[in-house]
Amino acid sequence: MKIGICAGHGGKDPGAVYGGLIEKNLNLKVALKLKELLKLADIDYFMVRESDVFISLNDMTNILNKQKLDLIVDIHHNAGKGDGYDLFYSIYGNEGANFSKLLAVEFEKNGQNKHYIGVKKASDGRDYFYMIRGTVAPCIIGEYAFLDNDRDNDIVDSEGDLINEARAYAKAICKFAGKAFVDFNTSEKNDSSNNSSDDLYFVQVGAFTNKDNATKLANDLKAKGFKSYIKK
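What this report covers is the structure whose coordinates are included nearby. Everything numeric in this text was worked out from a predicted model, so none of it was measured.

### Structural notes on the pattern of salt bridges
Per the counting criterion, the structure on display carries nine salt bridges. Two residues, Asp183 and Arg167, come together in a salt bridge whose shortest N-O distance is 2.9 Å. Here Asp183 is found in the loop between α6 (159–177) and α7 (211–223), whereas its partner Arg167 is found in helix α6, with 16 residues between them in sequence. Each member of the pair, Asp183 as well as Arg167, is classed as buried. Put simply, Asp83, Arg151 and Asp152 are held in one network by salt bridges that share partners.

This is the structure in structure tokens:
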């Protein structure tokens, strides 16, 4: 199993920009963390870009098509005042449709809600997105969050948030490949392909009379990769 990892946009093409967040940078950070997680899970991969460079869609698809890939994930973040994640796959379905279902589950476990999952057709009936129609291997485009939506913005505005997003991609890929997911800083493999438990266990790490102190701790936890909530 070999996975193609694409960090959308780059170089002169910033993608969506809002409130200090630049899409090309978010895409690359998530892609690089995903690469590390696939290494831990012993899944072969190929990354199109690992720095802030511009690669045209034509060149990108040509590069990918020279690899023997089983799946391509094209990582993006959205804009347009929507709410939630979008997942696009080919009109021909194939494994892209199957993988999108796995990825949707992991996105929702992160607390993100669905905006759209499915295909997008051009006026001539072909796949609308060049990345999807121009690649040999099944390709999905993941738009994890709308940067110009305050709620969505809040789940991609820290290093910890982006690590959680990369984990979602990695967990779905592990299920797709029949491999065990291995997280950062752990030697134990968690078999995501066979774990059917939906139980959640919560740990409280602080209680404060001053909300500013609670906010600081929540931000510190997010920066370390933990989801955190403030509840009165």
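### Here we look at unusual backbone geometry
With a phi close to 65°, His9 is a non-glycine residue in the positive phi region. The topology assignment puts His9 in the loop between β1 (2–7) and β2 (17–18). The residue Asn94 is not glycine, and still its phi comes out positive at about 50°. On the secondary structure map, Asn94 appears in helix α3 (residues 94–109).

### Some remarks on the side chain of Ser90
Examined against the element boundaries, Ser90 turns out to sit in the loop between β6 (85–88) and α3. Here the side chain of Ser90 touches Asp127 through a polar contact of 2.9 Å, side chain to side chain. Apart from residues lying up to four places away in sequence, Ser90 is in contact with Val119, Asp127, Ile132 and Cys139.

### As for the sheet that holds strand β4 (residues 44–47)
On the basis of which strands lie adjacent, the open sheet formed by six strands has the order β4-β1-β5-β8-β6-β7 and mixed pairing. The open sheet is flanked by β4 and β7 (114–118), the only strands paired with a single partner. Neighbour-to-neighbour, the strand axes of the sheet open up by a mean angle of 15°, direction not taken into account. Bridge analysis of β6 against strand β8 (residues 139–146) gives three bridges, and the strand direction is antiparallel. Within the sheet, the bridge partner assigned to Leu87 lies in β8 and is Gly142. Of the strands in this sheet, β1, β4, β5 (71–78) and β8 touch helix α1 (residues 23–40), which is tilted by about 145° from β5.

Cut-offs applied
Within each chain, residues carry numbers counting from 1 in the order of the written sequence. With the structure being a predicted model, the display of local features is reserved for residues of pLDDT at least 70 and the display and counting of side-chain atom pairs for 80 or more, all residues being used for whole-chain, interface and lining totals. Heavy atoms throughout the structure, all of them, feed into the side-chain values; hydrogens and water do not. The salt bridge definition used is simple: a Lys or Arg side-chain nitrogen within 4 Å of an Asp or Glu carboxyl oxygen. Helix and strand labels come from DSSP, where a helix needs a run of H or I of at least four residues and a strand needs a run of E of at least two; each type is numbered from the N terminus. When a residue's accessible area, from a 1.4 Å probe over protein chains only, is under 20% of the maximum for its type it is buried; when over 50% it is exposed; and in between it is partly exposed. Between N or O atoms, a polar contact is any pair within 3.5 Å; within protein, one atom must be a potential hydrogen donor and the other a potential acceptor, and residues adjacent in sequence are included only when both atoms are from side chains. Two residues form a contact once any of their heavy atoms are found within 4.5 Å. At least two DSSP bridges between two strands are required for those strands to pair. Think of each axis as a best-fit line through the C-alpha atoms, taken over the contacting stretch in the case of a helix, with angles from 0 to 180 degrees between the N-to-C directions.

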